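Examining the three-dimensional arrangement
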2 protein chains.
Amino acid sequence: MKATVHVTLKSGVLDPQGKAIGHALSTLGFSGVGEVRQGKVIEISLDETDAAKAEADVKAMCERLLANTVIENYSIRIDG
Amino acid sequence: MKATVHVTLKSGVLDPQGKAIGHALSTLGFSGVGEVRQGKVIEISLDETDAAKAEADVKAMCERLLANTVIENYSIRIDG
C-alpha cells in the first residue's frame, strides 16, 4: 500500500518559508496573492496489505517522527 | 480561491530527505517500510474568482518559481 502524509503548520504559527514565497511571487509580478503556507508531503510505500492497520502504523509514524504535533497538523491518505 | 500545489521529485531523482526518513523509521522499529519520498505542498490564497484563470496563474507560478521542472513534478488543485 501507499501512504501519503501531509504535514502543515498549524494556523497561527509563523511560516517564514511561506512568507518568502509570497514575497517572491509579488516580486515576479503575480498580483492578487494572499497568504502562502508551505508544508511537507511524505509518500511512504508499505508492505502492509490491511488499510486500517497501515493507517494505524502511519499515524504512529507521524506522532513519533514525521510531524511536530506542537506546531504541525498532519493528515494521512492510504491508497490500495 | 485557494490553490494547493504539490511539488514532488521526479522518479529516478535521488531524494536524500526521503532516504533519511526511511532510515529513521527503521531505527524507530517500524518494519515493512519501503521507499519514502518527500515533497512540498504549497497553499496559496488567491483573490482571483475564476477557477480556470486561477489555475493558469498558479501554473505560471509553478513554472517560474515554485517547482524546478528539471527534477520536479507539480500538480495543482483549485478549491472554490
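One can find the structure itself at the top, above this paragraph.
In this report, we go over the structure that sits alongside the text. Treat the numbers as computed from the prediction; the structure is a model and nothing was measured. Note that residues are indexed from 1 along each chain, following the sequence as it is written. Starting at A for chains and at 1 for ligands, labels are handed out in the order in which the entities are written. Only residues with pLDDT of at least 70 are given local features in this predicted model, and only at 80 or more are side-chain atom pairs given and counted; all residues enter the totals for whole chains, interfaces and linings. Hydrogen atoms and water are omitted, and side-chain values are computed over all heavy atoms in the structure.

Another aspect to go through is the packing of helix H1 (residues 16-27) of chain A against helix H2 (residues 51-66) of chain B. In helix packing, the relevant descriptors are the interaxial angle and the interaxial distance, both defined with respect to the helix axes. Following both chains from N to C, one finds H1(A) and H2(B) inclined at 105°, their axes separated by 11 Å at the closest point. By the angle class used here, H1(A) and H2(B) are roughly perpendicular. Residues Ile21(A), Ala24(A) and Leu25(A) of H1(A) lie in contact with H2(B), whose contacting residues are Met61(B), Leu65(B) and Leu66(B). Three residue categories are used. Nonpolar comprises Ala, Val, Leu, Ile, Met, Phe, Trp, Tyr, Cys and Pro, charged comprises Asp, Glu, Lys and Arg, and polar comprises the others, including Gly. Each residue belonging to the contact of H1(A) with H2(B) can be placed in one class, and the counts come to six nonpolar, no polar and no charged. Inter-axis angles, ranging from 0 to 180 degrees, are taken between N-to-C directions of lines fitted to C-alpha atoms, where helices are fitted over the stretch in contact. Going along the chain from the N terminus, every DSSP run of H or I of four or more residues is numbered as a helix, and every run of E of two or more is numbered as a strand. Convention used here: angles under 35 degrees read as roughly parallel, angles over 145 as roughly antiparallel, angles from 65 to 115 as roughly perpendicular, and any remaining angle as oblique. Contact definition: two residues touch when any of their heavy atoms are within 4.5 Å.

Moving on, we come to the relation of the copies chain A and chain B. To superpose the copies, least squares is applied to the C-alpha atoms of every residue with a pLDDT of at least 70 in both. It takes a turn of 180° to lay chain A on chain B, together with a shift of 0.0 Å along the axis; the resulting RMSD is 0.0 Å. On the angle and the small slide along the axis, the relation comes out as a two-fold axis. Distance from the rotation axis, computed per C-alpha, reaches its smallest value in chain A at Lys40(A): 2.3 Å. The fraction of interface residues of chain A whose copies in chain B are also interface residues reaches 100%, indicating that both copies meet through the same surface.

Let us now look at the sheet that holds strand E1 (residues 2-9) of chain A. Think of it this way: DSSP has to see at least two bridges between two strands before they count as a pair. Ordered by their spatial adjacency, six strands build an open sheet running E3(A)-E1(A)-E2(A)-E2(B)-E1(B)-E3(B), and the pairing between neighbours is antiparallel. Here the strands that pair on one side only, and so sit at the sheet edges, are strand E3 (72-79) of chain A together with strand E3 (72-79) of chain B. Going across the sheet, the axis of each strand differs from the next one's by a mean of 20°, ignoring polarity. Of the strand pairs in this sheet, strand E1 (residues 2-9) of chain B and E3(B) are connected by eight bridges, and their pairing is antiparallel. Considered in E3(B), the bridge of Lys2(B) is made with Asp79(B).

Such coordinate-based values are descriptive only and should not be taken to indicate function.
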